[in-house]
Amino acid sequence: QGTLDMLACEIPTKYIFRPVMERAVLRLSSPQPNHRKAGVACLGVIAEGCNESMAEVLPDIVPHVLAAAGDQEPLVRECACFALGQISEFCQPQILSYSERILPIVFTLLDDATISVQ
């Protein structure tokens, strides 16, 4: 994750954003929990360095992250929490228009049976 974060922060967005997004979204539909975890984690990791590009495609990204927050696997839900936090921090003020959809899911995650998700 550290390497991807550094690349997203140092390489111009036009070179990294689309390739990472395409691969991350592809992995979110995988039957393998580790692939879904990696996909949603990548979205959170690139949020800082690619915040402007990400803010432009929030309508495409937010549904994927919210779906990951409801995944049956705790490790995917845990990474969805991370991604929601990163996107919420770095995609201001655009993310505010999603608060009515995000907040109920965050409260559900706070009550998750798995401590690492909380």
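No experiment lies behind these values; they were computed from the predicted model shown. All residue numbers here refer to positions counted from 1 along the written sequence of the relevant chain. Since the coordinates come from a predicted model, pLDDT governs what is reported: local features require at least 70, and pairs of side-chain atoms require 80 or more to be given and counted, while whole-chain, interface and lining totals use all residues. Side-chain figures throughout are based on the complete set of non-hydrogen atoms in the structure, without hydrogens or water.

S.K.: Which residues make up the overall build of the chain, and what values do they have?
M.R.: Secondary structure is summarised from DSSP: a helix means a run of H or I of at least four residues, a strand means a run of E of at least two, and numbering begins at the N terminus for each. On a plain count of helices and strands, the chain comes out with seven helices and zero strands. In sequence order, the secondary structure elements of the chain are arranged as α-α-α-α-α-α-α. As a reference, a globule follows 2.2 Å times the number of residues to the power 0.38, and the radius of gyration itself is taken over C-alpha atoms. Computed over its C-alpha atoms, the radius of gyration of the chain comes to 13 Å, within 12% of the 13 Å expected for a compact globule of 118 residues. Principal-axis analysis of the C-alpha atoms gives the chain an extent of 40 × 30 × 20 Å. The classification of residues rests on relative accessible area computed with a 1.4 Å probe and restricted to protein chains. Under 20% of the type maximum is buried, over 50% is exposed, and intermediate values are partly exposed. Per-residue burial for the chain yields a buried fraction of 41% across its 118 residues. Note on contacts: a residue pair is in contact if any heavy atoms of the two residues lie within 4.5 Å. A fraction of 66% describes how many contacts in the chain between residues 6 or more apart in sequence connect residues 24 or more apart. Total accessible area on the chain is roughly 6,600 Å²; 55% of this is exposed by carbon and sulfur atoms. Side-chain charges in the chain split into 8 positive and 14 negative, and the spacing between the mean points of these groups amounts to 9 Å. The accessible surface values rely on the Shrake-Rupley method and a 1.4 Å probe; as for residues, cover is taken only from the protein chains in view. Charge assignment in this entry is limited to Lys and Arg as positive and Asp and Glu as negative, and neither His nor the chain termini are counted. Charged side chains are reduced to one point each, which is NZ for Lys, CZ for Arg, CG for Asp and CD for Glu.

S.K.: Pulling in residues and values, what's your account of the packing of helix α3 (residues 33-45) against helix α6 (residues 74-90)?
M.R.: Two elements in contact, α3 and α6, have axes separated by 8 Å at closest approach and are oriented at 10°. The orientation of α3 relative to α6 falls into the category roughly parallel. For the pair α3 and α6, contact is made by Pro33, Asn34, Arg36, Lys37, Val40, Ala41, Leu43, Gly44 and Val45 and by Leu75, Val76, Cys79, Ala80, Phe82, Ala83, Gln86 and Ile87, respectively. Gly is put with the polar residues, along with every residue not named as nonpolar or charged; the nonpolar set is Ala, Val, Leu, Ile, Met, Phe, Trp, Tyr, Cys and Pro, and the charged set is Asp, Glu, Lys and Arg. Looking at side-chain class alone, the contact of α3 with α6 contains 12 nonpolar, three polar and two charged residues. Throughout, an axis means a line fitted to C-alpha atoms (over the contacting stretch in the case of helices), and angles, computed between N-to-C directions, take values from 0 to 180 degrees. Any angle from 65 to 115 degrees is called roughly perpendicular, while one under 35 is roughly parallel, one over 145 is roughly antiparallel, and all others are oblique.

S.K.: Please give an account of the environment of Cys91 that cites residues and values.
M.R.: Summarising the element assignment, Cys91 is placed in the loop between α6 and α7 (99-110). Residues Cys91 and Glu48 lie 43 residues apart in sequence; the distance between their C-alpha atoms is 8.2 Å. If we ignore the near neighbours within four places in the chain, the residues touching Cys91 are Asn51, Met54, Ala55 and Leu58.

S.K.: Provide a residue-level description of the nonpolar core, including the pertinent values.
M.R.: By size, the foremost hydrophobic cluster in this structure holds 38 residues, and its most contacted members are Ile46, Met54 and Ile87. Of all the elements in the fold, those that place two or more residues in this core are α1 (2-10), α2 (13-28), α3, α4 (51-56), α5 (58-69), α6 and α7. Only buried residues count toward a nonpolar core. Its members are Ala, Val, Leu, Ile, Met, Phe, Trp, Tyr and Cys residues joined through side-chain atoms within 4.5 Å.

S.K.: For the packing of α5 against α7, give the residues involved together with the corresponding values.
M.R.: At a minimum axis distance of 10 Å, the contact between α5 and α7 shows a crossing angle of 20°. Regarding the angle of α5 to α7, the classification is roughly parallel. The two elements α5 and α7 meet at a crossing, and its hand is left-handed. Across from Pro63, Leu66 and Ala69 in α5, the residues of α7 making contact are Arg101, Ile102, Ile105 and Leu109. Tallied by class, residues from the contact of α5 with α7 come to six nonpolar, no polar and one charged. Take the far helix as the reference: if the near one is turned anticlockwise from it by less than a right angle, the crossing is left-handed, and if turned clockwise, right-handed.

S.K.: Go over the environment of Gln1 with me, naming the residues and quoting the values.
M.R.: Locating Gln1 in the fold gives a position in the segment before α1. Sequence spacing of Gln1 and Ala38 is 37 residues, and the spatial spacing of their C-alpha atoms is 9.4 Å. The residues touching Gln1, leaving out its near neighbours within four places in the chain, are Ala41 and Val45.

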